[in-house]
Amino acid sequence: MQNVTLNVQGMSCGHCVKAVEGGVGELAGVNEVKVNLAEGLVEIAFDEAKVSLDQIKETIEEQGYEVK
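How each quantity is defined
Throughout, residues of each chain are indexed from 1 in the direction in which the sequence is written. Residue-level local features of this predicted model are given only where pLDDT is at least 70; pairs of side-chain atoms are given and counted only at 80 or more, and the full residue set underlies all totals for whole chains, interfaces and linings. Water and hydrogen atoms were dropped before computing side-chain values, which therefore reflect all heavy atoms in the structure. The predictor attaches a confidence to each residue, called pLDDT, with possible values from 0 through 100. By the criteria applied, helices consist of DSSP H or I runs no shorter than four residues and strands consist of E runs no shorter than two, each listed in order from the N terminus. Count a disulfide wherever a pair of cysteine sulfur atoms falls within 2.5 Å. The cut-offs for exposure are 20% and 50% of the maximum accessible area for each residue type, with area from a 1.4 Å probe on protein chains only; residues under the lower value are buried, those over the upper are exposed, and the others partly exposed. Throughout, the arc means the angular range of directions from the helix axis out to the C-beta atoms. Two residues qualify as a contact provided that any one of their heavy atoms is within 4.5 Å of a heavy atom in the partner residue.

Chain-level statistics for the protein chain give a pLDDT mean of 96 and a share of 100% at 70 or above. The secondary-structure element of the protein chain with the lowest mean pLDDT is helix α1 (residues 14–25), recorded at 95, while strand β3 (residues 41–46) shows the highest, at 98.

Next up, the structure:
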């Protein structure tokens, strides 16, 4: 299990939070997703044997946000 915190830009509302949590949360191997809207941070707990960090970043970017 790996935990990572990503800086995600472009999130501005509750819909943004739901989009990121929903998109990343649906990936196989992701156990938990927590979005801190005020700080622009996304905390993710995932099994690196099932999903890569690159796949997670790509999913966030597909939702329309920028991962720094």
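Back to the text.
The subject of this paragraph is the state of the cysteines. Taken as a whole, this structure holds zero disulfides when the rule is applied. Its sulfur unpaired, C13 is 3.5 Å from the next cysteine sulfur, which belongs to C16. Residue C13 is classed as partly exposed on the basis of its relative accessible area, which comes to 31%.

For helix α2 (residues 53–62), the complete set of buried residues consists of I56, T59 and I60. End-on view of α2: buried residues confined to an arc of 100 degrees, all on one side of the axis. Summarising the geometry of α2, the exposed residues directed more than 90 degrees from the buried face are D54 and E62. Turning to α2, the residues buried within the fold contact β1 (2–9), α1, β2 (30–36), β3 and β4 (66–67). Where α2 terminates, the next one or two residues include G64, which has phi positive at roughly 105 degrees.

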